Amino acid sequence: MPISVYDNHMARAATTSDVFNAIAEPQRREILMLLREGEQPVTELAQKLRLTQPGASKHLRVLREVGLVRDRKSGKQRLYGLHARGLRPVHEWTGGFERFWNESFDRLDAYVQDLKRTKRKE
Amino acid sequence: MSGTERRTPAQSATADREIIISRVINAPRELVFEAFTEVRHLSQWWGPQGFTTTTRAFEFRVGGEWVFVMHGPDGTDYREWISWTEIVPPHRIALLHGESRGDPNAFESVLTFEPEGTATRIEMHTVFPTKEMRDEVVEKYHAIEGGQQTLSKLDAYVTEIVRKGAAR
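From a predicted model like this one, the values you see are computed outputs, not experimental measurements. (Residues numbered from 1 in each chain as written. Chains lettered and ligands numbered in written order. Predicted model: local features only at pLDDT ≥ 70, side-chain atom pairs only at ≥ 80, totals over all residues.)

Peer 1: Help me out: how do you make sense of unusual backbone geometry in this one?
Peer 2: For residues other than glycine, phi is negative in most cases, and the peptide bonds are mostly trans. The peptide bond linking Pro89(B) to Pro90(B) adopts the cis configuration, its omega dihedral lying at -10°. In this fold, Pro90(B) is placed in the loop between β5 (77–88) and β6 (92–98). (Helix = DSSP H or I, 4+ residues; strand = E, 2+ residues; numbered from the N terminus.)

Okay, structure coming up:
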């Protein structure tokens, strides 16, 4: 393998291995939104997005490779569906602020229970 | 975490720059609201597990400020500044949250308190001016949490050393 392969990888994770890069593309995000409604064949997705079928297929391949989309054969068709667990790294990355508050609310809950007991005694 | 949920405002125009955190607390609304109004209460629960606060100024009124330092369990200090923009007991509190007065990156959060049977649902709704700012804040808080993780790792490490030392 030429060394440039590594250089390239260092500079930017490949779209096909990095969820963040995969969802940086607006049309791929739109596909994910559409798939929330349920499994769909590529023809339907292409039509909704006004993309050519090969164009939509290319996006679906990327989404499948990073684990955001699953496909299965159904008769003559191939159906694509959302595999939302693949979004976990993104969710975790955005979790800082939420975790801060969730943990604060945990402590608030415990504190308010104490307050409740104290007030009852008064 | 039970009682915690995240609502995704799917179709909202601000969806990519807002954060909503909701929690049901098993206590009457007046009591939950009270825990937000006095520094002796706030200092008991503000921040994640292991955090403490030192208050420099506190005045709970519209336009009033809470100036304090938040101490992370790893010894890192974070300057915090809060100013209330709306107070409607026991329904609603709106506040600006930043690092100091005049912080250009201060953002507004609205807390609402709704009765749910004998319990109270708190919802914290933050809409950031831009998606970039939302991401920045998320990243900042991620760093704060990161410090906490570092400490718990250190704690585990020291415990391990002590255990091994004792076994010798």
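Peer 1: Can you help me understand the pairing of strand β3 (residues 77–82) of chain A in this one?
Peer 2: Regular strands show a simple pattern: their side chains alternate between the two faces of the sheet. In this structure, strand β1 (residues 40–41) of chain A lies alongside β3(A), joined through two bridges in antiparallel fashion. For Gln40(A), the partnering residue across the bridge sits in β3(A) and is Tyr80(A). (Pairing = 2+ DSSP bridges.)

Peer 1: Could you clarify how one ought to interpret the interface of chain B and chain A in this entry?
Peer 2: Taken together, the contact between chain B and chain A spans 26 residues of the former and 19 residues of the latter. At the level of secondary structure, the elements contributing two or more residues to the side of chain B that touches chain A comprise β2 (18–25), α1 (29–34), α2 (39–45), β8 (119–127) and α3 (131–167) of chain B. Ranked by residue count, the leading element in the side of chain B that touches chain A is α3(B), at seven residues. Of the residues contributing to the side of chain B that touches chain A, the split by class is 17 nonpolar, five polar and four charged. (Contact = placed C-beta atoms within 7 Å. Nonpolar A, V, L, I, M, F, W, Y, C, P; charged D, E, K, R; others polar.)

Peer 1: Even after reading the chapter, I still don't get the packing of helix α3 (residues 26–35) of chain A against helix α4 (residues 42–49) of chain A, so can you show me in this structure?
Peer 2: Geometry of a packed helix pair, given as the angle between the helix axes and the separation of the axes. Residue and element names in this part refer to chain A. The contact between α3 and α4 brings their axes to 11 Å, and the two run at 120°. On the basis of the axis angle, α3 is oblique to α4. Considering the relative orientation of α3 and α4, their crossing is right-handed. Across from Gln27, Glu30, Ile31 and Leu34 in α3, the residues of α4 making contact are Leu45, Lys48 and Leu49. (Axes fitted to C-alpha atoms, helices over the stretch in contact; angles between N-to-C directions. Parallel < 35°, antiparallel > 145°, perpendicular 65-115°, else oblique. Left-handed = near helix turned anticlockwise from the far one by under 90°.)

Peer 1: Where do I start with the confidence of the model for chain B in this structure?
Peer 2: Note: predicted coordinates in regions of low pLDDT should not be interpreted at a detailed level. Residues and elements named next belong to chain B. Here chain B averages 80 in pLDDT, while 77% of its residues score no lower than 70. Segment residues 1–11 is flagged for pLDDT under 50; beyond a separation of four residues in sequence, or across chains, it makes 14 contacts in the model. Here residues 147–162 is a poorly scored stretch, pLDDT under 50, and it has 11 contacts once near neighbours within four places are set aside; other chains count. For this predicted complex, the interface confidence score (ipTM) comes to 0.71, while the overall pTM stands at 0.57. (pLDDT = per-residue confidence, 0-100.)

Peer 1: Please clarify how helix α5 (residues 53–65) of chain A should be interpreted in this entry.
Peer 2: Residues and elements named next belong to chain A. If you check α5, its first and last C-alpha atoms are 18 Å apart, about what 13 residues at 1.5 Å a residue would give, namely 18 Å. Within the sequence span of α5, burial applies to Ala56, His59, Leu60, Val62 and Leu63. Along the axis of α5, the buried positions cluster into a sector of 160°, meaning they face one direction only. Opposite the buried face of α5, at more than 90 degrees from it, the exposed residues are Pro54 and Arg61. (Expected span 1.5 Å × (residues − 1). Buried ≥ 20, exposed ≤ 12 C-beta atoms within 10 Å, placed from the backbone. Arc of directions from axis to C-beta.)

Peer 1: In this structure, what is going on with the sheet that holds strand β2 (residues 69–74) of chain A? I would like to understand it.
Peer 2: The pairing of strands in a sheet comes from backbone hydrogen bonds and takes either a parallel or an antiparallel form. Residue and element names in this part refer to chain A. Taken in spatial order, the three strands of this open sheet run β1-β3-β2, and their pairing is antiparallel. Only two strands of the sheet have a single partner each, and these edge strands are β1 and β2. Lying over the sheet, α3 contacts β1, β2 and β3, oriented at roughly 95° with respect to β3.

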